[in-house]
Amino acid sequence: MDTTSRLPGSLATKTRFSGRQAGPSLSAPTSPEAPPPAGETHLDRAALSQLNLVVVGAGALGNEVVKTLGLLGAGSVLIVDPDIVEKSNLSRSAFFRARDCGRPKALALIEALAQAFPETRWQSRQCEIADLGLGELAHCHLLMSCVDSDIARVEIAWAGLAMNLPVVDAGLGAPNHWHGRISFFAGHRSACFCCKLSPRRRQQILFMAHATAQSCWGAHQAQLLASTPTMAAITGSLQVELGLRSFFELRQSSGKEFLSWTFEASFGPDPETRRFSTPRSPHCPLHVSIPELRPLPHAQASARELLDSTGLATVELDWPICVYAGCLDCGTVWQPRRRVAWLRRYGACPQCRGRHILEKENLNCLDRDSSWADTPLIDLGLPDRHLYTVRPSQAGERK
Ligand SMILES: [Zn+2]
Ligand SMILES: [Zn+2]
């Protein structure tokens, strides 16, 4: 399904931009000189200065990625990270200082970057990607994923597919960090991160992200390894380099499918690199139906107003929202109105600060009969500037 016409300013902008830039400065040689060897693309500084990028994750890898983007003269970069700087980050991240401890990572980062690379416009959001309204990605050309959890990668894959944005994902490998991995996903025209997962792992992650019943609250802790800064520097630089090259190739290609690739490098006792492609998986639920996205008719609109403005039947939430929760320690019942995955990671009882929380009611979708149909969607914890999936059918089926 083509969402272009329904997203004023987003894909239309990219198309315009692409038309203006598609030409001599990128992979096509301008001079009568011999063309570059097959597969080689020039990274033109003028073209890079026109790019709007979103970097998700401001850890060791994210620090390296934004450094390289700054050196290359990227036009604008929005950094998205929910966390604050901790002492343990200082030995792994080039831009954090002791005085930043306790401050939002994304904010501390853009302050340092604005000093180092004033030509680039730096912006920050202190939230997870799933809490960034899709409308904030409307002018983005490329998403760079520097997160350390597969749930976050799936959330980024969803945003990439919903907005038809290419994603360059990277990770430092387990069980040791002498391993780096970079993958390129081309939006609608290629596999997404979820396509790459085994059916079992895909099911696990989607369950964690989508579960409407209480599930185990997976706390994840990044390992501290001496090799992290080294591998973050290598992997982050390659993520930018290889990712931008594929981005420009994608922009110039017109085929129906653009093969998603993964590059892996190991620098242990037996150094090794490999590169392989991943086709779209017929079993990936994120590709089942690419949604039509609609903005709210006004900032305080409820689900009913959104449905009335579109003439459709169901607002499908990208991620479930917990509207009622109970504390298993002190019995307090409250309305978190937060994304379930956020609550599981950060939530605490407002009374006793306990973390044994029972989710009593989670919402996946809203129709006109819902008891929350008249509540402004932003009061349910949905982000500002979000674009909503609205379907003609009644609630019941979920991706
Ligand atoms: Zn997929
Ligand atoms: Zn409590």
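Residues numbered from 1 in each chain as written. Chains lettered and ligands numbered in written order. Predicted model: local features only at pLDDT ≥ 70, side-chain atom pairs only at ≥ 80, totals over all residues.

**Q** Which parts of the structure should I look at to understand the overall build of the protein chain?
**A** The helix and strand inventory of the protein chain stands at 10 helices and 14 strands. The buried share of the protein chain, taken over its 399 residues, is 42%. (Helix = DSSP H or I, 4+ residues; strand = E, 2+ residues; numbered from the N terminus. Buried ≥ 20, exposed ≤ 12 C-beta atoms within 10 Å, placed from the backbone.)

**Q** Can you walk me through the sheet that holds strand β7 (residues 260-266) in this structure?
**A** Strand pairing in a sheet takes place through backbone hydrogen bonds and is either antiparallel or parallel in direction. Here 8 strands make up an open sheet; going across it, the order is β3-β2-β1-β4-β5-β6-β7-β8 and the pairing mixed. In the strand order of this sheet, the two ends are held by β3 (121-125) and β8 (272-278), each with one partner. Geometrically, the sheet is characterised by an average inter-axis angle of 15 degrees between neighbouring strands, direction not taken into account. Across 4 bridges, strand β1 (residues 52-56) lies against strand β4 (residues 142-145) in parallel orientation. The residue of β4 that forms the bridge with Val54 is Leu143. (Pairing = 2+ DSSP bridges. Axes fitted to C-alpha atoms, helices over the stretch in contact; angles between N-to-C directions.)

**Q** Looking at this structure, how should I read helix α3 (residues 60-72)?
**A** Structurally, the α-helix is built with 3.6 residues per turn, so residues lying three or four positions apart point the same way. The end-to-end C-alpha distance of α3, which contains 13 residues, comes to 19 Å, matching closely the 18 Å that a straight helix rising 1.5 Å per residue would cover. Taken together, the buried positions of α3 are occupied by Ala60, Leu61, Gly62, Asn63, Glu64, Val65, Val66, Lys67, Leu69 and Gly70. Buried residues along α3 sit in contact with β1, β2 (76-80), α4 (105-116), β4, β5 (167-172) and α8 (228-252). Once α3 ends, the next one or two residues include Gly73, with phi positive near 80 degrees. (Expected span 1.5 Å × (residues − 1). Contact = placed C-beta atoms within 7 Å.)

**Q** Can you walk me through the packing of α3 against α8 in this structure?
**A** Two quantities define a packed helix pair, namely the angle between the helix axes and the distance between the axes. Running from N to C, α3 and α8 point in directions that differ by 45 degrees, and their axes come no closer than 8 Å. Comparing the axis directions of α3 and α8 gives the class oblique. As α3 runs across α8, the sense of the crossing is right-handed. The segment α3 lies against α8, with Ala60, Leu61, Glu64, Val65, Thr68 and Leu69 engaging Thr228, Pro229, Ala232, Ala233, Thr235, Gly236, Ser237, Gln239 and Val240. Here the contact of α3 with α8 is composed, by residue class, of 8 nonpolar, 6 polar and 1 charged. (Parallel < 35°, antiparallel > 145°, perpendicular 65-115°, else oblique. Left-handed = near helix turned anticlockwise from the far one by under 90°. Nonpolar A, V, L, I, M, F, W, Y, C, P; charged D, E, K, R; others polar.)

**Q** Please explain the environment of Arg338 as it appears in this structure.
**A** By the element assignment, Arg338 lies in strand β12 (residues 338-339). The spatial distance from the C-alpha of Arg338 to the C-alpha of Trp319 is 10.0 Å, given a sequence separation of 19 residues.

**Q** When you look at the confidence of the model for the protein chain in this model, what are you seeing that I'm missing?
**A** For any part of a model where pLDDT is low, the fine detail of the predicted coordinates should not be relied upon. Scored by pLDDT, the protein chain has a mean of 85; 83% of the residues are at 70 or more. Contacts for the low-pLDDT stretch residues 1-39, under 50 throughout, to residues beyond four places or in other chains number 49 contacts. Counting interchain partners and residues more than four positions distant, the pLDDT-below-50 stretch residues 212-222 has 11 contacts. (pLDDT = per-residue confidence, 0-100.)

**Q** Explanation requested: the pairing of strand β6 (residues 179-185) in the structure shown.
**A** Note on strand geometry: in a regular strand, side chains alternate between the two faces of the sheet. Burial of β6 is extensive: 5 of the 7 residues sit out of reach of the surface. In terms of strand pairing, β5 meets β6 through 6 bridges, oriented antiparallel. Across the sheet, the residue bridging to Asp169 is Ser183, located in β6. Looking at chain direction, β6 and β7 are connected through 6 bridges and run antiparallel. By the bridge assignment for β7, Ile182 is matched with Phe263.

**Q** Before we go on, may I ask you to explain unusual backbone geometry in this structure?
**A** Keep in mind that most residues, glycine aside, have a negative phi and that most peptide bonds are trans. With a phi angle near 50 degrees, Arg337 is a residue other than glycine that sits in the positive phi range. Summarising the element assignment, Arg337 is placed in the loop between β11 (333-334) and β12. The exposure class of Arg337 is partly exposed, given the 19 C-beta atoms found within 10 Å. The backbone of Arg353 sits at a positive phi, close to 65 degrees, despite the residue not being glycine. Mapping Arg353 onto the fold places it in the loop between α10 (340-346) and β13 (357-367).

**Q** Would you mind showing me how to read α4 here?
**A** Its 12 residues give α4 an end-to-end C-alpha distance of 16 Å, which sits within 8% of 16 Å, the value for a rise of 1.5 Å per residue. Of the surrounding elements, those touching the buried residues of α4 are α3, β2 and β3.

**Q** Help me understand the environment of Ser246 in this model?
**A** Here Ser246 lies in helix α8. Given 24 C-beta atoms within 10 Å, Ser246 falls into the buried group. For the pair Ser246 and Val168, spaced 78 residues apart in sequence, the C-alpha to C-alpha distance is 9.2 Å.

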